[in-house]
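Below, each chain spelled out in residue letters.
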Amino acid sequence: LVYPLGSLPPLSSFPLLSSHSFRLLERPSSFVVMSSLVALSKVTLDDVWPRLEAGLTHLLTKLTEGFSLTEHMKLYSYVYDYCTTSRPNASAPRQRQNMTGANFAGEDLYYRLQAFLQRHMRGVLKAAETRMDDSLLNYYKKEWDRYTTANRVIHKIFRYLNRHWVNRETEDGKKEVYEVYTLSLVIWKEDFFDHVRVRLTKALLALIEKERNGEQIDTSLVKGVIEAYVALGLNKAKPSENTLDVYRKDFTDDFIKATEFYYFQESTDFIEKNTVSDYMKKVQLRLDEEVQRLRSYLHSSSENELISCVEKSLIAKHRDAIWAQFQGLIINDKVDDVQRMYTLLVRIDNGLDPLKDIYEKHVKGIGMRAIHENAKQAIMNPRVYVETILKVHVKHNDLVGISFKSNPGFVASLDKACRSFINENTVTRMAKTSSKSPELLAKYCDMLLKKSPKNPEEQKILSILDDVMLVFKYIEDKDVFQTFYSKMLAKRLINGTSASEYLEGQMISKLKQACGYEYTAKLARMFNDMSLSRDLVDKYKNKVSTKDLKGVDFSCLVLATGSWPLQPPSTNFSVPKALSKCQASFEQFYADQHQGRKLNWLYQFSKGEVKTSYLKTNKTGYTFQCSIYQIGLLVNFNTSDKITTEQLATASQLTKGALSQTLATLLKTRVLNMSPTGQITAKTVFTLNPNFKSRRAKVNVNVRIEEQQRQESKDTHKVVEEDRKMQIQAAIVRIMKVTFFALSPFPF
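Quantities reported herein were computed from a predicted structural model and do not represent experimental measurements.

The rules we used
Residues numbered from 1 in each chain as written. Predicted model: local features only at pLDDT ≥ 70, side-chain atom pairs only at ≥ 80, totals over all residues. Heavy atoms only, no water. Helix = DSSP H or I, 4+ residues; strand = E, 2+ residues; numbered from the N terminus. Buried < 20%, exposed > 50% of the residue type's maximum accessible area, 1.4 Å probe, protein only. Contact = heavy atoms within 4.5 Å. Areas by Shrake-Rupley, 256 points an atom, 1.4 Å probe, with all protein chains shown as cover. Expected span 1.5 Å × (residues − 1). Arc of directions from axis to C-beta. Pairing = 2+ DSSP bridges. Axes fitted to C-alpha atoms, helices over the stretch in contact; angles between N-to-C directions. 1 Å grid on protein atoms, 1.4 Å probe; cavity = no way out; pocket = protein on both sides within 12 Å on 5 of 7 lines; lining within 4 Å. Points joined across faces, edges and corners; volume = space filled by probe spheres on them. Nonpolar A, V, L, I, M, F, W, Y, C, P; charged D, E, K, R; others polar. Parallel < 35°, antiparallel > 145°, perpendicular 65-115°, else oblique. Salt bridge = Lys/Arg side-chain N within 4 Å of Asp/Glu carboxyl O. Left-handed = near helix turned anticlockwise from the far one by under 90°. Phe/Tyr/Trp six-rings, centres within 6.5 Å; stacked < 30°, edge-to-face > 60°. Lys NZ or Arg CZ within 6 Å of the ring centre and 35° of its normal.

J.: Quick one: what's the story with the overall build of the protein, residue by residue and with numbers?
T.: Of regular secondary structure, the protein possesses 28 helices and eight strands. Looking at the protein as a whole, 42% of its 748 residues qualify as buried. If you take every contact in the protein between residues at least 6 apart in sequence, the share linking residues at least 24 apart comes to 72%. Here the protein has roughly 41,600 Å² of accessible surface; of this, 51% comes from carbon and sulfur atoms.

Right, here's the structure in full:
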């Protein structure tokens, strides 16, 4: 006789056989019994049920007193004996034909068990009729734990019935036949839960409300009852699946309604008696409590609905009151409150939209006021102007990053505000041009990249250049910045005043990254020209010695016309004889090196040094660092002590404007005296200042006067305007060509 795995009955079931007739082979979780076939007597339900009923009653009522493995095996054997030795009831609604092996008996046993559990449930229900609130909850949880624990054991006792009769019935499509444990849950729901669910849910909600009011409750009690709701969500079509229908219908719906009502009342009362800042703290606390409540005893499926309900009651219904306080919070730098407000409003639909507009106007106003307060100084000092902008941007950029979590909407609001007050402010109105901002930014870059003892270390300058690029991002007239920057870069390279070639390269790299290759192509070619020019001059010096040039230490830069923003001189100039030979010598050398190329001398960018020998107070003399125009005027005093303006104009061939500017710088540095004083005329007489003094041996007399700086700025803006006109004309021509080809009926 072979028994299925896990189905071995005790030896007492075979009184006619000796125990020596069996050979037991151990296997994991199973026994296999080998014996000869023995005819067994028929076992009826009335034979086994009294003993089964007694065991089941003990399990359902006294399981805590213990239940031995021997008792378990006895009950299992009763079920097994009945299912394997009895025959199906002839009066059963359905007969099985040609059955072999197990007879699939069990229908009577199944329904007898069902009736037994239903009787037990009636007793449980009767005891619960007078219970309310916490008493009902405690009773329900206690009975649920007792009942489900017992039925897990009962399920194992009736495993053979489940495996054969129940399984065959469900495969044949019979409805409302379940495995024993599922059957026990169906009976619990229909015969007990459905009768107490209204009172039970009401008691649960009352207990949760107590917790919300600050009272201590037994969360394990709530969790146990809610787990029972979840377990009862049975799918009768597929008993193995849980649908959560009971949990949602009998608890969640009422729970959400109670939550919404509770928080609406609380929030309305609280916000009337407290500030918005305190209210937001309260809301954040309540949200945290609900999340903790979800983790403690609610089912995870309730999360979205519960949090959405709390957000609607506490935030959405009071958003107007919260919005009204935003302006005051950012004005008073209440960073924590602003961050808390953002954290709350981001949870609801369109909760942040009004704040973005308010924030944009706020930042714009702050920027406009900051520049207005420093306008007189900022228009003359690029450092003040740029640092004022950066101060505003850094402060509010940190606010966006910390309080608004770098929300794209607030980032866009900050960008719009900065772009607005940077391109149009008091300084631009004073300058009567919207292009003043890019000009000042380019000049600030020039200050950073030019040699100066006031500038910080290289790493610090790199950090400042990153900040400069933040301002550059908001500049609308980037072509103006490009023009000013390229001119200033050209002067730094020509005059050798660049602080670091590395810093220059880094700045160009940043501009290239921001605007593309074409924006910086000419800037990069300037450095290439400087390298080629140095090599060319080295060849020249190797070929021509200083003696050949009569003691003049001559050097020059050869730069490509298309790469450098340099205009030809606006005045004629007669080169001093001492320098004319140097000029002719280099022109001959260059012609030998490159045929067909023409050199255009840019005297306005040329400079040199002259040694004084006329000062009696300084025997060693001073070395004057001069422009070539200044040298052209000073060498005339080698042959004459007094020279008029007219004579200087004739000797130098400078135009009236260039001559006046050059004389003004020599007078400003006190190298020359004029007579009479006042306005320079054709008859004004100039003499060398015999009382010139300086603490330095080398004196830079090539200083720029304010009028000259203003004129250069105007000229640069004119260049930009001309370039724009050319680009507009080119665009118009391209559009006209496209239109012509599109409308032309003739094939091409």
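J.: So what about helix H22 (residues 501-515)? Which residues, and what values?
T.: Between the first and last C-alpha of H22 there are 21 Å, a value that for 15 residues agrees with the 21 Å anticipated at 1.5 Å per step. Burial in H22 covers these residues: Leu503, Glu504, Met507, Ile508, Lys510 and Leu511. With its buried residues spanning 155 degrees around the axis, H22 presents them on a single face. Exposed and oriented more than 90 degrees from the buried face of H22 are Glu501 and Gln513. In this structure, the buried residues of H22 make contact with helix H19 (436-449), helix H20 (458-474), helix H21 (478-495) and helix H23 (517-543). Immediately beyond the C-terminal end of H22, within one or two residues, lies Gly516, with a positive phi of roughly 100 degrees.

J.: Outline the sheet that holds strand S5 (residues 642-644), supporting the account with residue identities and numerical values.
T.: Overall, antiparallel pairing links the three strands, which are arranged S5-S7-S6 in an open sheet. Looking at the sheet topology across the chains shown, the edges are occupied by S5 and strand S6 (672-675). Strand-to-strand, the axes of this sheet are offset by a mean angle of 30 degrees, without reference to chain direction. Where S6 lies against strand S7 (residues 685-688), four bridges are found, and the strand directions are antiparallel. Opposite Leu672, over in S7, you have Leu688 as the bridge partner. Sheet strands in contact with helix H26 (residues 645-652) are S5 and S7, and its direction is about 80 degrees off that of S5. Strand contacts of helix H27 (residues 656-668): S6 and S7, with the helix running at about 110 degrees to S6, the strand carrying the most contacts.

J.: An account of the environment of Gly401 is requested, with residue identities and associated values reported.
T.: If you trace the backbone, Gly401 turns up in helix H16 (residues 382-402). On the accessibility criterion, Gly401 (33% relative accessible area) is partly exposed. Each C-alpha atom of the pair Gly401 and Val411 lies 8.6 Å from the other, and the pair is 10 residues apart in sequence.

J.: Any details on unusual backbone geometry? Residues and values, ideally.
T.: Among all residues save glycine, negative phi is the norm, and among peptide bonds the norm is trans. Across the junction of Ser675 and Pro676, the peptide omega takes the value -5 degrees, indicating a cis bond. One non-glycine residue with positive phi stands out, namely Asp133, at about 50 degrees. Along the polypeptide, Asp133 turns up in helix H4 (residues 133-157). Of note in this structure, Arg670 is not a glycine but carries a positive phi near 65 degrees. Relative to the elements of secondary structure, Arg670 occurs in the loop between H27 and S6. Judged by relative accessible area, Arg670 falls into the exposed class, the value being 62%.

J.: Tell me about empty space enclosed by the protein, residues and numbers included.
T.: Throughout the structure, instances matching the rule amount to two cavities of 30 Å³ or more. In this model, the second largest cavity occupies a volume close to 30 Å³. Taken together, Glu266, Ser267, Phe270, Tyr279, Lys282, Val283, Arg286 and Leu314 make up the full set of residues lining the second largest cavity. Of all the elements in the fold, those that place two or more residues in the lining of the second largest cavity are helix H8 (245-273) and helix H9 (276-296). At four residues, the largest contribution of residues to the lining of the second largest cavity is made by H9. Partitioned by chemical class, the residues of the lining of the second largest cavity number four nonpolar, one polar and three charged.

J.: Talk me through the side chain of Thr520; I want residue IDs and the actual numbers.
T.: Along the chain, Thr520 falls in helix H23. Here Thr520 falls in the buried class, since its relative accessible area comes to 2%. Non-local contacts of Thr520, meaning those with residues more than four positions away in its chain, are made with Ile508, Leu511 and Lys512.

J.: Describe the packing of helix H17 (residues 408-423) against H20, listing the residues and the values that go with them.
T.: Their axes nearest at 8 Å, the elements H17 and H20 cross at an angle of 85 degrees. By the criterion of interaxial angle, the relationship of H17 to H20 is roughly perpendicular. Where H17 abuts H20, its residues Asp415, Cys418, Arg419, Ile422 and Asn423 lie against Val471, Lys473 and Tyr474. Partitioning the contact of H17 with H20 into residue classes produces four nonpolar, one polar and three charged.

J.: Please provide a residue-by-residue account of the sheet that holds strand S3 (residues 607-611), values included.
T.: Taking strand neighbours across the sheet as the criterion, the three strands line up as S3-S4-S8 in an open arrangement whose pairing is mixed. For this open sheet the edge positions go to S3 and strand S8 (698-700), each flanked by a neighbour on one side alone. Going from strand to strand, the sheet's axes swing by 30 degrees on average, the running direction of each strand aside.

J.: A description of the side chain of Thr483 should follow, citing residues and the corresponding values.
T.: Note on placement: Thr483 falls in helix H21. Filtering out sequence-adjacent residues up to four positions away, Thr483 remains in contact with Thr716, Val719 and Val720.

J.: Can you lay out the pairing of strand S4 (residues 623-627) for me, pointing to particular residues and giving the numbers?
T.: Among the five residues of S4, four are classified as buried, and the element is accordingly described as predominantly covered. Judged from the five bridges that link them, S3 and S4 form a sheet pairing that is antiparallel. Bridge pairing links Lys611 to Thr623 in S4.

J.: Describe the pattern of salt bridges, listing the residues and the values that go with them.
T.: Pairing of side chains with opposite charge becomes possible as their charged atoms draw close. Using the criterion set out here, one finds 29 salt bridges in the structure. Notably, a salt bridge pairs Glu211 with Arg293, separated by 3.0 Å at the nearest N-O pair. Here Glu211, found in helix H6 (residues 180-212), pairs with Arg293, found in helix H9; they are 82 residues apart in sequence, far enough to count as distant. According to the relative accessible area criterion, Arg293 is buried, its value standing at 4%.

J.: Describe the packing of H19 against H21, naming the residues involved and giving the relevant values.
T.: Orientation of H19 relative to H21, taken along the N-to-C sense of each, is 25 degrees, at an axis distance of 8 Å. With respect to H21, the element H19 is oriented roughly parallel. Considering only the axes of H19 and H21, their crossing is right-handed. Along its contact with H19, which presents Pro438, Glu439, Leu441, Ala442, Lys443, Cys445, Asp446 and Leu449, the element H21 presents Val480, Phe481, Phe484, Tyr485, Met488 and Arg492.

J.: Talk me through the packing of aromatic side chains; I want residue IDs and the actual numbers.
T.: All told, the structure shown has 36 aromatic pairs when counted by the stated rule. Between Tyr140 and Phe192, the ring centres sit 5.7 Å apart and the planes meet at 20 degrees, which makes this aromatic pair stacked. With a gap of 52 residues between them, Tyr140 in helix H4 and Phe192 in helix H6 connect regions that are remote in the sequence. We classify Phe192 as buried; its relative accessible area is 0%. Pairwise contacts between aromatic rings join Tyr140, Trp144, Tyr147, Trp188, Phe192, Phe193, Tyr229, Tyr247, Phe251 and Phe255 into one cluster. Lying over the aromatic face of Tyr78, Arg51 brings its terminal NZ or CZ to 4.6 Å of the ring centre.

J.: Quick one: what's the story with H19, residue by residue and with numbers?
T.: Look at H19: 20 Å from first C-alpha to last across 14 residues, which is about the 20 Å you get at 1.5 Å a residue. Within H19, 12 of the 14 residues are buried, leaving the element largely enclosed by the surrounding structure. Lys436, Ser437, Pro438, Glu439, Leu440, Leu441, Ala442, Tyr444, Cys445, Asp446, Leu448 and Leu449 are the residues of H19 that are buried.

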